[in-house]
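Listed below are the residues making up each chain.
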Amino acid sequence: MTDKPNSAGLVLLALAYCMAFLSGAGFYYAIYLMLACGQEGDLIVPFVIGAVAAVAGIGFTFAAVLKRTSVAGEHILFDTWFPMFMSAVPVAGPFIALWSAVRLIIGRLGSATITSSSGSSRSTRHHKAMGLRGSGLPGGLILLVLASMQPLIVLSSTMPVEAAEFLGISPIENSWDGRSDLFCNSAQIFKAKACKIVNRKIVIRENCQLQIEDCELHLEHAISVQAKGRLSIKGGHLKSKSMAIRAEGHATVFLESLSIKAKNGVIIEDDVELQMSQGKLVTDSAGLRASDRSHASMEAMDIQAPNAVKAEDESTIFIIGGKIHGKTALFADDNAVITLRGVDSLGKVRKSRKGYIHQLEEGESSEAIVKKARGKKALAQTKKDHIERYQKEACKGFIECYQSHGLRGEISGDIVMLVGDKGAVTRVRKMRIGPTKPEIKKCIKDLAASKKIPNFGGPIGILSCKYSGTVTPDSKMLEMNSRFIPSRKSDLYLEKVE
């Protein structure tokens, strides 16, 4: 190898190392922002810096090799510029870049035969295996970065949460000035502090978190919190021309020292959790409405609305202190539960169906009251489910007695059986069967006496089966009434139920 002047080559080599560092820093910082749920706009600068530095770094590496060694330009071209651009090719690109990166880092190119043609002329040049004298290392590092980018981007896009947890990356806090709409669909965290938010749409979905502190909000549309979104508002004022806050899915909402004025206050649905501490809520219609399996907790809140607090479905609301004033102050519907402690309530208190409202006494736990209320409802529902399952057993097998004996024609029957605590029939109280063969009557009588309800969990009671119509050995056209009537003196023994 022929030595060449090194001063210019060393300068180029130093520049190539600087670009390699910038390229890796830019690209990997962009990947970090993706996994840390940074704002999309923040990704532009590091990706641009990384891309520009990669191109410049490969250029400096190429020039440094030419300056410091006797390697032909066309020889080094296929291990610098070519794999850099090929790295963007899906699937195969990273492997091409990785192969050339290893060659540059090792610092030795193999022999090569390059044939080129121009018009009718054709030339072939043979290049011997050559060492790069350390000049190829920065280019190799850049190609390593480029080879890793495609799989990292795919991983960050398809499995962001798992990848972030594996690498120990926590979500960063993004600032939001409230001057634009906010639509958050990922596990991002946004913070707004001491700002004014006017007529902006705010939609929080997935695992997104929005934290607002000491802000003035003047909205035309409700703040929408969906899926597993989290909203936290501390201090400030919220005014809305329609609804203030609507939470759905598995959302979580925290309100502290917030003054709310809206036509419709706060509506929570599904599996939402809401906590309100201090503050004031003034609305023209509904104050707080909870539905499905939502959970709300309010402390020292002043709520004023024609319909102040309404709980529906399986929702639960805890209220501690504060004032609730309205034409209808409290309304619990379906299976909802509302507990109160030290609340100044003015207005009608309404309950419908199995709704439950309870004023806690000294020493009583709200969780215990809810558990007790839910337990009673669960017991009633279990009893209903059991009875529906039991009554399906009443007529089983009776029609088959007719068909198995080849009967064709009209049939009728009225059979009443007493069921004991083990689910077995203890006595056939009544058996009226229309005129038929003796062997069919015996089949029905034996079957009725031997009936046993599987997986029985109480209560004892009566199985009743009535039927009438026509049968053949292969078909049937019947009116059937199958019932189970539980004994009034019994209850469900849930421990027996599998």
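Read on for a plain summary of the structure. (Residues numbered from 1 in each chain as written. Predicted model: local features only at pLDDT ≥ 70, side-chain atom pairs only at ≥ 80, totals over all residues. Heavy atoms only, no water.)

Some details on the sheet that holds strand β27 (residues 356–359)
Turning to step 1, where the next piece is worked out: One open sheet accounts for ten strands, arranged β5-β7-β10-β13-β15-β17-β20-β23-β25-β27; its pairing is parallel. The outermost strands of the open sheet, each flanked by one partner alone, are β5 (173–175) and β27. The mean inter-strand angle of the sheet, taken between neighbouring strand axes irrespective of direction, is 10 degrees.
Turning to step 2, where the next piece is worked out: Judged from the five bridges that link them, strand β23 (residues 316–320) and strand β25 (residues 337–341) form a sheet pairing that is parallel. If you follow I319 over to β25, its bridge partner there is L340. (Pairing = 2+ DSSP bridges. Helix = DSSP H or I, 4+ residues; strand = E, 2+ residues; numbered from the N terminus. Axes fitted to C-alpha atoms, helices over the stretch in contact; angles between N-to-C directions.)

Notes on the layout of surface pockets
Rolled over the atoms, a probe as big as a water molecule pinpoints where empty space is left.
Turning to step 1, where the next piece is worked out: Here the largest pocket is characterised by a volume of approximately 700 Å³.
Turning to step 2, where the next piece is worked out: Lining the largest pocket are 30 residues, with M34, C37, S186, A187 and Q188 sitting closest to its centre.
Turning to step 3, where the next piece is worked out: Looking at the lining of the largest pocket, the elements with two or more residues in it are α1 (7–35), α6 (137–158), α7 (160–167) and β6 (182–184).
Turning to step 4, where the next piece is worked out: Take the lining of the largest pocket: its biggest share by element is four residues, from α7.
Turning to step 5, where the next piece is worked out: Of the residues in the lining of the largest pocket, the class split is 16 nonpolar, ten polar and four charged. (1 Å grid on protein atoms, 1.4 Å probe; cavity = no way out; pocket = protein on both sides within 12 Å on 5 of 7 lines; lining within 4 Å. Points joined across faces, edges and corners; volume = space filled by probe spheres on them. Nonpolar A, V, L, I, M, F, W, Y, C, P; charged D, E, K, R; others polar.)

Quick word on the state of the cysteines
Turning to step 1, where the next piece is worked out: Scanning the entire structure with this criterion turns up three disulfides.
Turning to step 2, where the next piece is worked out: Each disulfide pairs two cysteine sulfurs, and for C184 the partner residue is C208, the sulfurs being separated by 2.0 Å. Across the disulfide from C184 to C208, rotation about the S-S bond amounts to roughly 110 degrees, and the bridge is consequently right-handed. Residue C184 is located in strand β6, and its partner C208 is located in the loop between β9 (202–204) and β10 (209–213); the two are separated by 24 residues in the primary sequence. With respect to burial, C184 and C208 carry one shared label: buried.
Turning to step 3, where the next piece is worked out: Bridging C395 to C465, the disulfide has an S-S length of 1.9 Å. Here the S-S torsion is close to 115 degrees, and the disulfide linking C395 with C465 is therefore right-handed. Placement of the pair is C395 in the loop between α8 (366–391) and α9 (398–404) and C465 in strand β30 (residues 461–471), with a sequence separation of 70 residues. (Disulfide = S-S within 2.5 Å. Buried < 20%, exposed > 50% of the residue type's maximum accessible area, 1.4 Å probe, protein only.)

Brief notes about the nonpolar core
Turning to step 1, where the next piece is worked out: One finds I223, L231, L255, V309, I317, I319 and I338 to be the most contacted residues of the largest nonpolar core, which totals 55 residues.
Turning to step 2, where the next piece is worked out: If sequence neighbours within four positions are ignored, I223 has contacts with I202, L217, L231, I233, L238, A244, I245 and R246.
Turning to step 3, where the next piece is worked out: Core analysis: the second largest hydrophobic core is formed by 28 residues, A54, M84, L143 and V145 among them. (Core = buried A, V, L, I, M, F, W, Y, C linked by side-chain atoms within 4.5 Å. Contact = heavy atoms within 4.5 Å.)

Some points on the pairing of strand β15 (residues 252–256)
Turning to step 1, where the next piece is worked out: As defined by bridge partners, strand β13 (residues 230–234) adjoins β15 across five bridges and the pair is classed as parallel. Note on β15: the bridge partner recorded for I233 is L255.
Turning to step 2, where the next piece is worked out: Sheet analysis places β15 next to strand β17 (residues 273–277), joined by five bridges and oriented parallel. What sits directly across from F254, in β17, is Q275.

Comments concerning the packing of aromatic side chains
Turning to step 1, where the next piece is worked out: Scanning all chains against the criterion turns up six aromatic pairs.
Turning to step 2, where the next piece is worked out: Above the plane of the ring of F331 lies R350, whose end atom (NZ or CZ) is 4.2 Å from the centre.
Turning to step 3, where the next piece is worked out: Over the ring of F398 we find K451; its NZ or CZ atom is 5.0 Å from the centre of that ring. (Phe/Tyr/Trp six-rings, centres within 6.5 Å; stacked < 30°, edge-to-face > 60°. Lys NZ or Arg CZ within 6 Å of the ring centre and 35° of its normal.)

Some details on the pattern of salt bridges
Turning to step 1, where the next piece is worked out: Counted under the stated rule, the structure contains eleven salt bridges.
Turning to step 2, where the next piece is worked out: For D79, the salt bridge is made with R103, and the minimal N-O distance between the two is 3.0 Å. Here R103 lies in helix α5 (residues 92–106) and D79 lies in the loop between α3 (73–77) and α4 (81–86), a separation of 24 residues in the sequence.
Turning to step 3, where the next piece is worked out: The exposure class assigned to D79 is buried, which follows from its relative accessible area of 5%.
Turning to step 4, where the next piece is worked out: Note that E312 and K310 form a salt bridge whose closest N and O atoms lie 3.5 Å from each other.
Turning to step 5, where the next piece is worked out: Judged by relative accessible area, E312 falls into the buried class, the value being 10%. (Salt bridge = Lys/Arg side-chain N within 4 Å of Asp/Glu carboxyl O.)

Examining α6
Turning to step 1, where the next piece is worked out: With 22 residues, α6 ought to run about 32 Å at 1.5 Å a step, and its terminal C-alpha atoms sit 32 Å apart, in line with that.
Turning to step 2, where the next piece is worked out: Within α6, the axis deviates most sharply at M149, by approximately 30 degrees, and proline P151 lies no more than four positions further along.
Turning to step 3, where the next piece is worked out: If you check which residues of α6 are buried, you get P138, G139, G140, I142, L143, V145, L146, A147, S148, M149 and S156.
Turning to step 4, where the next piece is worked out: Next to the buried residues of α6 lie α1, α2 (44–68), α4, α5 and α7. (Expected span 1.5 Å × (residues − 1). Bend = angle between axes of the 7 residues up to and from the residue.)

A few points about the packing of α1 against α2
Turning to step 1, where the next piece is worked out: It is the contact of α1 with α2, at a shortest axis distance of 7 Å, that shows an interaxial angle of 155 degrees. One element, α1, and the other, α2, form an angle in the roughly antiparallel class. Judged by the twist between their axes, the crossing of α1 over α2 is left-handed.
Turning to step 2, where the next piece is worked out: When the residues that make up the contact of α1 with α2 are grouped by side-chain class, the tally is 23 nonpolar, six polar and two charged. (Parallel < 35°, antiparallel > 145°, perpendicular 65-115°, else oblique. Left-handed = near helix turned anticlockwise from the far one by under 90°.)

Quick word on the side chain of S100
Turning to step 1, where the next piece is worked out: Tracing the backbone shows S100 in helix α5.
Turning to step 2, where the next piece is worked out: Discounting chain neighbours no more than four positions away, the residues touching S100 are F78, D79, P83 and L143.

As for a nonpolar patch on the surface
Turning to step 1, where the next piece is worked out: Among the surface-exposed residues, Y17, L98, V102, I105, I106, L141 and L144 lie close enough to one another that they form a single nonpolar patch of about 560 Å² accessible area.
Turning to step 2, where the next piece is worked out: Secondary-structure elements contributing two or more residues to the nonpolar patch are α5 and α6.
Turning to step 3, where the next piece is worked out: Element by element, the count of residues in the nonpolar patch is highest for α5, at four residues.
Turning to step 4, where the next piece is worked out: For L98, the position within the fold is in helix α5.
Turning to step 5, where the next piece is worked out: Here L98 falls in the partly exposed class, since its relative accessible area comes to 38%. (Patch = residues over 30% accessible without salt bridge, like charges linked within 9 Å, V, L, I, M, F, W, Y side chains within 5 Å. Areas by Shrake-Rupley, 256 points an atom, 1.4 Å probe, with all protein chains shown as cover.)

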